[in-house]
Amino acid sequence: MPTSPEVVASPVELQRRMLEARARGQRIAFVPTMGYLHEGHLSLLREGRKRGDVLVLSIFVNPTQFGPSEDLARYPRDLAGDLAKAASAGTDLALVPEPAAMYPDGYQTYVDVREVSKGQCGDRRPGHFVGVATVVLKLFNIVQPHVALFGDKDYQQLQVLRRMVADLDVPVEIVGLPIVREADGLAMSSRNAYLGPEERQHALALSRALAAARARWAAGERDARALESAARAVLEPVPGSRIDYVEVRDAETLRSIDHAERAVRLSLAVFIGKTRLIDGETFSWK
Ligand code: PAF
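Only a predicted model underlies this, so the values are computations on that prediction, with no experimental measurement involved.

## Points about the side chain of Ser 190
So, point 1. As for its position among the elements, Ser 190 is in the loop between strand 6 (173-177) and helix 8 (197-202).
So, point 2. Of the residues examined, Ser 190 reaches a relative accessible area of 6% and is grouped as buried.
So, point 3. Those residues within four positions of Ser 190 in sequence are excluded, and the remaining contacts are Gly 35, Tyr 36, His 38, His 41, Tyr 75 and Pro 76.

If you want it as structure tokens, here you go:
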């Protein structure tokens, strides 16, 4: 049986331990999460295990990245299950703080990564990326990682965090790993737990929409609207669904483009019933 990671609730205590680990010359790999771990998170932990002497996971459902009408209270949680899964991936330590330990009374500092946070999830979820950037910078200061690993399903988040680290000279390497999918193509997400059986079937339209656009890209299509239309044509007929956005943007800056001159990112956000799912794919010349 793999050993369960040691759970540390206190950010101050974990920071002390990590500064000591650094002083011993140990390399720290870090995977920040909001828990309810799935195979996507485990792929990050396994890669982190290869890249660090000490592997740290954080489990914190961060209130500052949820809007007032969002699913903070019903966000799925399973600490015992998470620790068992984290153990199987060789995790050494799990930071599991209470909200008051992260945001004590009087808290008032926020990180705003401006351009790349605009549009897409940034517009649909006002304040979301300020909450993400703030908590991740705090977690970096607590965990002191040499390398931090994120899934590229949350692609805009990844680009926001890359920009933050570059702009604020944060000494951490950001590694983005590919989306992990179920056998039938559904991108793994903690929010898949909300889907009923029929919705689960309808949700497969997201990966089919990507495939339709990918086929157009492979056939030489470089017009952003035409690639978006190929994806929309798959998504629009799906019963009980509502497209939030389907957008092809520059893969690095996430600026709007009309025609692909370099790598682009096709990003989808679609409500299946009440559940908002995201998916995406980068198309490049490689
Ligand atoms: O991707 C997530 O799970 C969260 O946004 C993160 C990066 C852990 C910050 O709360």
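Okay, back to it.
## Quick notes on the pattern of salt bridges
So, point 1. For the structure shown, the criterion picks out 27 salt bridges.
So, point 2. Across the salt bridge formed by Arg 51 and Glu 47, the nearest N and O atoms sit 2.8 Å from each other. Remark: Glu 47 and Arg 51 occur in helix 2 (residues 39-51); sequence separation between them is 4 residues, near one turn of the helix.
So, point 3. According to the relative accessible area criterion, Arg 51 is partly exposed, its value standing at 30%.
So, point 4. Where Arg 181 meets Asp 279, a salt bridge forms, and the shortest distance between an N and an O atom there is 2.8 Å. Remark: Asp 279 occurs in strand 9 (residues 275-283) and Arg 181 occurs in the loop between strand 6 and helix 8; sequence separation between them is 98 residues.
So, point 5. A residue is classified by how much of its surface remains accessible, and Arg 181, at 30% relative accessible area, is partly exposed.

## Side note on helix 10 (residues 224-235)
So, point 1. Between its first and last C-alpha, helix 10 extends 17 Å over 12 residues, near the 16 Å set by a 1.5 Å rise per residue.
So, point 2. Within helix 10 the residues assigned to the buried category are Ala 224, Ala 226, Leu 227, Glu 228, Ala 230, Ala 231, Val 234 and Leu 235.
So, point 3. Where helix 10 is buried, its residues contact helix 9 (205-218), strand 7 (241-250) and strand 8 (264-272).
So, point 4. A side-chain oxygen of the first residue of helix 10 lies 3.2 Å from the backbone nitrogen of Arg 225; this N-cap is Asp 223.

## Examining the environment of Leu 37
So, point 1. Locating Leu 37 in the fold gives a position in the loop between strand 2 (28-33) and helix 2.
So, point 2. A C-alpha to C-alpha distance of 11 Å links Leu 37 and Arg 191, two positions 154 residues apart in sequence.
So, point 3. Excluding residues within four positions of it along the chain, Leu 37 makes contact with Leu 45, Leu 57, Asp 82, Lys 85 and Ala 86.

## Section: the environment of Pro 97
So, point 1. Inspection of the secondary structure assignment puts Pro 97 in the loop between strand 4 (93-95) and helix 4 (99-102).
So, point 2. For the pair Pro 97 and Ser 10, spaced 87 residues apart in the sequence, the C-alpha separation amounts to 6.1 Å.
So, point 3. Ignoring anything within four residues of it in the chain, the contact list for Pro 97 reads Ala 9, Pro 11, Ile 59, Phe 60 and Met 102.

## Some details on the sheet that holds strand 1 (residues 6-8)
So, point 1. Here we have 6 strands laid out as an open sheet, ordered 1-4-3-2-5-6, and parallel in their pairing. Because the sheet does not close on itself, it has two edges, and the strands there are strand 1 and strand 6. This sheet shows a mean twist of 25° between the axes of neighbouring strands, independent of strand direction.
So, point 2. Sheet topology note: the strand 1/strand 4 ladder contains 3 bridges and is parallel. Bridge assignment links Val 8 to a residue of strand 4, and that residue is Leu 95.

## Quick word on the packing of helix 6 (residues 128-143) against helix 7 (residues 155-167)
So, point 1. At a minimum axis distance of 10 Å, the contact between helix 6 and helix 7 shows a crossing angle of 55°. One way to sum up the angle between helix 6 and helix 7 is to call them oblique. Considering how the two elements wind past one another, helix 6 and helix 7 form a crossing that is right-handed. Contacts between helix 6 and helix 7 involve Phe 129, Val 132, Ala 133, Val 136, Leu 137 and Phe 140 from the former and Gln 156, Gln 157, Val 160, Leu 161, Met 164 and Val 165 from the latter.
So, point 2. Tallied by class, residues from the contact of helix 6 with helix 7 come to 10 nonpolar, 2 polar and no charged.

Criteria and thresholds
Every chain's residues receive numbers from 1 upward, in the order its sequence appears when written. Per-residue local features of the predicted model are confined to residues with pLDDT of at least 70, and side-chain atom pairs are confined, for both listing and counting, to 80 or more; whole-chain, interface and lining totals are unaffected and use all residues. Neither water nor hydrogens contribute to the side-chain values; these are computed over all heavy atoms in the structure. Put simply, DSSP H or I for four residues or longer makes a helix, DSSP E for two residues or longer makes a strand, and each gets a number counted from the N terminus. Note on classification: 1.4 Å probe, protein chains only; a residue is buried when its accessible area is under 20% of the maximum for its type, exposed when over 50%, partly exposed between these limits. Contacts are residue-level and defined by heavy atoms, with any inter-residue pair within 4.5 Å sufficient. A pairing counts as a salt bridge when a side-chain nitrogen of Lys or Arg comes within 4 Å of a carboxyl oxygen of Asp or Glu. Helix span is expected to be 1.5 Å times the residue number reduced by one. In the analysis that follows, any N or O atom pair within 3.5 Å is treated as a polar contact, provided that within protein one partner can donate a hydrogen and the other can accept it, and provided that, for residues neighboring in sequence, both atoms belong to side chains. Here the rule is simple: two strands pair whenever DSSP picks up at least two bridges between them. Here an axis means a line fitted to C-alpha atoms, over the contact stretch when the element is a helix, while the angle between two N-to-C directions is reported on a 0 to 180 degree scale. Convention used here: angles under 35 degrees read as roughly parallel, angles over 145 as roughly antiparallel, angles from 65 to 115 as roughly perpendicular, and any remaining angle as oblique. Handedness of a crossing follows from how the near helix is turned relative to the far one, being left-handed for an anticlockwise turn of less than a right angle and right-handed for a clockwise one. Residue classes follow a fixed rule: Ala, Val, Leu, Ile, Met, Phe, Trp, Tyr, Cys and Pro count as nonpolar, while Asp, Glu, Lys and Arg count as charged, and any other residue, Gly among them, counts as polar.

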